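# Fold and geometry: a report
What follows is the residue order along each chain.
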Amino acid sequence: MPNTLPVVTIQCDWIDVVRLMKGEFWISSKYKDQNSVHDTIKASVNQADGKILIKCPDSYQYLSHSNLSLVLKHLGSGLKVAFVAPTKTHTIHKKALLSISSGENALAVSSCEEDKLLVWDTRTDEILLDLKGHGGPVYKCRLFPSNVVLISAGADGSCRIWSAESGINPVTLIGHKMSISDLAIIDKGRNVLSVSKDGTAKLWDVGQSRCIVNILEGHGPINCCAVATSVEEVTIDNDREIGTGNKLLIAGYESGLIICAHVGKRTELYKQQLDSSVNACIVIDQVIIAGCSNGKVVFIHLQDGSIIRELHESNNPVLSLATLVNNMFVVGRQDGTCTVFSMNDSHIAIRVQLTGSDCDGIRDIAFNGKWILTACRDGNIRKYDYNQITVHYK
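Residues numbered from 1 in each chain as written. Predicted model: local features only at pLDDT ≥ 70, side-chain atom pairs only at ≥ 80, totals over all residues. Heavy atoms only, no water.

For the protein, the name recorded in an unreviewed UniProt entry is Proteasomal ATPase-associated factor 1-like, with Papilio xuthus as its organism. A UniProt comment under Sequence similarities (unreviewed entry) is attached to the protein, and it reads "Belongs to the WD repeat PAAF1/RPN14 family." (UniProt positions renumbered as here; feature names shortened; annotations may be inferred.)

### Quick look at the overall build of the protein
Regarding its fold elements, the protein presents two helices and 35 strands. Its C-alpha radius of gyration of 22 Å places the protein within 12% of the 21 Å reference for a compact globule of 394 residues. If you line up the protein on its principal axes, its C-alpha atoms span 75 × 45 × 30 Å. For the protein, contacts bridging at least 24 residues in sequence account for 45% of all contacts bridging at least 6. For the protein, the exposed area adds up to about 16,300 Å²; of that, 47% sits on carbon and sulfur atoms. (Helix = DSSP H or I, 4+ residues; strand = E, 2+ residues; numbered from the N terminus. Rg over C-alpha atoms; globule rule 2.2 N^0.38 Å. Contact = heavy atoms within 4.5 Å. Areas by Shrake-Rupley, 256 points an atom, 1.4 Å probe, with all protein chains shown as cover.)

### Notes on the pattern of salt bridges
In this structure the tally under the stated criterion is 16 salt bridges. One salt bridge in this structure joins Lys-88 and Asp-125, with 3.6 Å as the shortest N-O distance. On the criterion of sequence distance, the pair formed by Lys-88 in strand β8 (residues 88-90) and Asp-125 in the loop between β11 (117-121) and β12 (127-130) is long-range, its members being 37 residues apart. For Lys-88, a relative accessible area of 28% corresponds to the partly exposed category. (Salt bridge = Lys/Arg side-chain N within 4 Å of Asp/Glu carboxyl O. Buried < 20%, exposed > 50% of the residue type's maximum accessible area, 1.4 Å probe, protein only.)

### Brief notes about the packing of aromatic side chains
A full pass over the atoms with the stated rule returns four aromatic pairs. With 6.5 Å between their ring centres and 50° between their planes, Trp-14 and Phe-25 make a pair best called tilted. Highlighted residues: Trp-14 in helix α1 (residues 14-20) and Phe-25 in strand β2 (residues 23-30), separated in sequence by eleven residues. With respect to class, Trp-14 is no different from Phe-25; both count as buried. The interplanar angle of 20° and the centroid separation of 5.5 Å between the aromatic rings of Phe-329 and Phe-341 together place this pair among those described as stacked. Of this pair, Phe-329 sits in strand β30 (residues 328-333) while Phe-341 sits in strand β31 (residues 338-342), and the two are twelve residues apart along the sequence. Residues Phe-329 and Phe-341 agree in their burial class; the two are buried. Counting every residue linked through ring pairs, the aromatic cluster contains Phe-299, Phe-329 and Phe-341. (Phe/Tyr/Trp six-rings, centres within 6.5 Å; stacked < 30°, edge-to-face > 60°.)

### Concerning the UniProt feature "repeat: WD" (unreviewed entry) in the protein
Summarizing the sequence annotation, UniProt attributes the feature "repeat: WD" (unreviewed entry) to residues 131-172 and 173-214 in the numbering used throughout. Helix makes up 0% of residues 131-172 and strand 48%, with an end-to-end C-alpha separation of 13 Å. Taken as a whole, residues 173-214 contains 0% helix and 60% strand, while its terminal C-alpha atoms sit 13 Å from one another.

### Quick word on the side chain of Asp-121
By secondary structure assignment, the location of Asp-121 is in strand β11. The exposure class of Asp-121 is buried, given its relative accessible area of 11%. Filtering out sequence-adjacent residues up to four positions away, Asp-121 remains in contact with Ala-106, Glu-126 and Leu-128.

Quick look at the structure:
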């Protein structure tokens, strides 16, 4: 694959122009640190058979289209780009989204800048619960694996456990001195981890509503976290911890630090200093993927913290990352681009762009095995069919 690929973007409502079979929409390519090159694509009706005709400029080759996708090749780089439109746009919130989580049973929980935390049905858009209790914005909300319990945290420094069925808040976890930026659930959720701008990463006993220990502290504000499984397992002599003996906590810092700590051993294993704030992190197999404020996506060995490679196609800050399946992941950025990458196909020049945002940031991304949901600054949650994505990597 070429060392440098352009970011190719398209008019946010391109799908409406195609469906009308009359009109034009813009397409743009931009290499990092260079000016954008703008072109126009025209949609019309083939008079012979009544089908849609897509006329591309000379710099692109038309490959295919469907009712939700358009596939082109950028001839200058050889990059194949599949633009995928949302199956549905949900207008559940009135203000900019902050977080989204979804379960296999079509249940979703989301939060916005209106200090709203809502549980709703992704099939009908019915709001099932309006959860009240936090004193300020909820920066992260996550459904437990059971899909009947959820956790939320944010500006007030507390984590709250809720019933996703009744809305009851039986447990509130208090101990952080500043806002909580991210959460991680260990196994089924007997224990959870939270990271905060106060510089601490706390391990919680949910049942007893108490902090067991600070796994990390003293390195500055933490922006994000992820949990991985270690090859080294220790015996935990404490029946209040379930599944922590072989867990690793990955924390991403405002300073650009990545720290890996063994949760069971309560020890820092290694640090890696990146050159920009780490805004999001995930783990796929034995690789940490970190999304940074300078636009870099950095791949790091889970076992020793060494950098495998860096992907720096855009200078636009990464705001969110989400793991799909088959070693695929999604990157959401401040400029509204939302791109699917495959770790299996690093030698193939292909990108899948989830379209719809008009330059508004993608703050969070959820995946429930079938649908990808994006939480956008424009107040919309967009739902994409995962099957529309996998077809482009076959």
